Amino acid sequence: MPKEVGQQIVLPLSKAIELSAKSIRVRLGRSLITMSGIILAIAFLMSIGTSNAVLDKLRHVDDPRVQSVLQAKGLDLDSEAVHEERARNTWLVVLSLLVCLVGIWNSMLMSVTERFREIGTMKCLGALDSFIIKIFLLESSFQGVVGTLVGISLGLLLSVVMGLGSYGSAVLKYFPWLAVLRWGGLSLLIGSVISVVAAIYPAYVAAKMEPVEAMRVDR
Amino acid sequence: MARQTVVRTEDVRKVYQMGAVEVEALKGITLEVYAGEYISIMGPSGSGKTTLFNMIGGLDKPTSGRVYIDEVDVAQLDAYELAWLRCRKIGYIFQTFNLIPVMSALENVMLPMIFARMTSDDAREKAAALLERVGLGDRLLHKPYELSGGQQQRVAVARAMANDPAIILADEPTGNLDLKTGTEIIELLKQMNEESGVTIISATHDHKMLSVSDRVLWIRDGRVERIVNREELQIEVGKIDGRTE
Ligand SMILES: Nc1ncnc2c1ncn2[C@@H]1O[C@H](COP(=O)(O)OP(=O)(O)O)[C@@H](O)[C@H]1O
Ligand SMILES: [Mg+2]
């Protein structure tokens with residue numbers, strides 16, 4: 001074999017990105033269903049985080065009207081009940097994130113099995129395993145990031161609306177920007193990590209497909 | 001003129017394991033393909049044509065025996081070298097066309113060139129020229145689903161030619177096409193063969209393939225039944241078709 005072999009086929013990332021983005025657009029229906037899982041889970045995470053941050057902030061506000069509202073609801077001090085609810089919510093958030101991970105895993109795996117011919121063909125054309133892996137990881141992380149961003153917005157909106165209902169306009173007056181920003185960052189991180197982790201195994205399955213798959217006529 | 005061998009197989013056997021049952025798809029195939037020839041591999045369905053193709057194309061490994069492409073033993077190649085071989089030495093054409101559904105005709109033809117590290121601009125230019133050559137100069141941006149089967153197969157021919165391969169492997173390229181379109185594709189392959197000197201190896205059970213072939217190799221039940229040269233063929237085509245082409 002000639003010498004050029006060494007320097008071949010680490011296909012430009014841009015091409016992989018383009019291909020993944022297109023695949024998502026074409027299979028938008030499936031993508032949206034997958035994304036809805038991550039949107040809901042992240043929205044949940046974000047709304048719990050924001051609600052807690054709002055409550056924590058309001059407790060430390062030096063405003064008699066706010067304090068009396070909190071007192072009336074029994075939220076002014078760290079009671080057993082408040083603790084329990086937070087613990088329960090944390091559990092639910094973790095569970096929903098897990099469910100979301102399994103959902104992405106499953107839908108990526110379906111997508112890989114469906115596209116055996118496409119994957120086999122790309123291998124016939126000279127794609128390396130690493131390129132195939134890249135395509136699927138990128139595809140999943142696009143979905144993950146978009147879903148996460150929507151989820152963050154949704155969760156934020158939801159918790160602000162709920163806060164307005166419970167505490168009135170004080171929520172906006174004393175909005176805990178910094179803490180909410182931190183929750184947003186954390187959500188983005190978690191959402192992205194989940195969508196990439198969930199795609200690792202399906203991407204590996206895709207990369208291990210044989211180029212002969214492209215020749216398959218039946219099935 | 002001494003004929004240069006581009007593909008050579010030595011006693012290639014392939015056994016598929018189907019649970020407890022062994023299927024011997026190839027039972028010792030020895031053949032030579034010469035550079036620049038158009039060779040058709042004929043045989044009934046299930047005779048082992050696709051299996052043989054997978055061996056010649058470096059897509060699968062024989063259970064025993066050797067395959068040499070340009071005198072390189074394919075079994076000795078690592079993953080990178082195999083990818084290199086598939087990318088630059090061989091162009092594949094499939095019965096099911098196998099265009100990447102999310103890509104335009106132009107992008108499909110560009111893909112092997114991008115894999116071969118050509119710059120996007122060069123690849124685009126060359127892909128456009130190739131599509132022009134297969135008669136699709138006005139369909140560059142069409143997606144596969146916007147093209148007819150015959151047009152898709154033309155794109156596939158252009159894509160197979162992308163990196164100026166030494167060999168084009170076409171496994172039943174007309175299998176999903178009607179008679180007229182199929183004939184056009186075969187003529188297109190013949191045109192590529194004559195203009196660019198690319199070796200064409202085509203599997204088929206379609207008799208219209210015969211007329212363009214330099215040689216025809218019949219396989220039956222995993223064995224080479226006979227090999228017939230062009231000259232002898234002329235006579236036989238007459239017999240088979242009841243007319244000469
Ligand atoms: N992946 C496989 N697993 C098991 N048997 C196979 C496989 N591929 C092909 N075969 C068997 O090998 C024989 C030759 O098949 P094939 O090469 O596809 O023939 P052709 O292309 O001439 O129709 C057939 O009996 C087929 O059933
Ligand atoms: Mg076949």
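All values reported here derive from a predicted model rather than from experimental measurement. (Residues numbered from 1 in each chain as written. Chains lettered and ligands numbered in written order. Predicted model: local features only at pLDDT ≥ 70, side-chain atom pairs only at ≥ 80, totals over all residues. Heavy atoms only, no water.)

### Things to note about the site of ligand 1
All names here are of chain B.
No. 1: Around ligand 1, the neighbouring residues are Tyr16, Met18, Ala25, Pro44, Ser45, Gly46, Ser47, Gly48, Lys49, Thr50 and Thr51.
No. 2: At 3.1 Å, a backbone N or O of glycine 48 approaches an oxygen atom of ligand 1.
No. 3: Between ligand 1 and lysine 49 there is a distance of 2.9 Å, counted from an oxygen atom to a side-chain nitrogen or oxygen.
No. 4: If you list the elements that add at least two residues to the shell around ligand 1, you get β1 (5-18) and α1 (49-56).
No. 5: Here the shell around ligand 1 takes 3 residues from α1, the largest share from any one element. (Near = heavy atom within 4 Å. Polar contact = N/O pair within 3.5 Å; in protein donor to acceptor, adjacent residues only side chain to side chain. Helix = DSSP H or I, 4+ residues; strand = E, 2+ residues; numbered from the N terminus.)

### Quick look at the interface of chain A and chain B
Often, the extent of an interface is quoted as the loss of accessible area upon association of its parts.
No. 1: Taken together, the contact pairs 34 residues of chain A with 32 residues of chain B.
No. 2: The contact between chain A and chain B buries some 3200 Å² in all, and 72% of this surface belongs to carbon and sulfur atoms.
No. 3: For the pair chain A and chain B, the number of links is 1 salt bridge.
No. 4: Elements that contribute at least two residues to the side of chain A that touches chain B include exactly α1 (13-26) and α5 (116-124) of chain A.
No. 5: Residue composition of the side of chain A that touches chain B, by class: 20 nonpolar, 5 polar and 9 charged. (Contact = heavy atoms within 4.5 Å. Buried area = accessible area lost by both parts, 1.4 Å probe. Salt bridge = Lys/Arg side-chain N within 4 Å of Asp/Glu carboxyl O. Nonpolar A, V, L, I, M, F, W, Y, C, P; charged D, E, K, R; others polar.)

### Quick word on the nonpolar core
Residue and element names in this part refer to chain A.
No. 1: Membership of the largest hydrophobic core comes to 55 residues, with the highest contact counts inside it found for Leu19, Leu58, Met122, Phe131, Ile132, Phe136 and Tyr167.
No. 2: Looking at this core element by element, the count peaks at 9 residues for helix α2 (residues 28-59).
No. 3: Contacts of tyrosine 167, omitting those with residues within four sequence positions, involve Val54, Leu55, Leu58, Val69, Leu70, Lys73 and Leu75. (Core = buried A, V, L, I, M, F, W, Y, C linked by side-chain atoms within 4.5 Å. Buried < 20%, exposed > 50% of the residue type's maximum accessible area, 1.4 Å probe, protein only.)

### Focus on the state of the cysteines
No. 1: Scanning the entire structure with this criterion turns up 0 disulfides over all chains.
No. 2: As a non-bridged cysteine, cysteine 124 of chain A has cysteine 87 of chain B as the owner of its nearest cysteine sulfur, 11 Å distant.
No. 3: Residue class for cysteine 124 of chain A comes out buried when judged on its relative accessible area of 0%.
No. 4: Taking relative accessible area as the criterion, cysteine 87 of chain B reaches 4% and is therefore assigned buried. (Disulfide = S-S within 2.5 Å.)

### Structural notes on the packing of helix α6 (residues 129-167) of chain A against helix α8 (residues 177-208) of chain A
All names here are of chain A.
No. 1: For the pair α6 and α8, the least separation of the axes is 7 Å and the interaxial angle reads 150°. By the angle between their axes, α6 is roughly antiparallel relative to α8. Of the two possible hands of crossing, α6 and α8 adopt the one that is right-handed.
No. 2: Residues that form the contact of α6 with α8 fall into these classes: 16 nonpolar, 9 polar and 2 charged. (Axes fitted to C-alpha atoms, helices over the stretch in contact; angles between N-to-C directions. Parallel < 35°, antiparallel > 145°, perpendicular 65-115°, else oblique. Left-handed = near helix turned anticlockwise from the far one by under 90°.)

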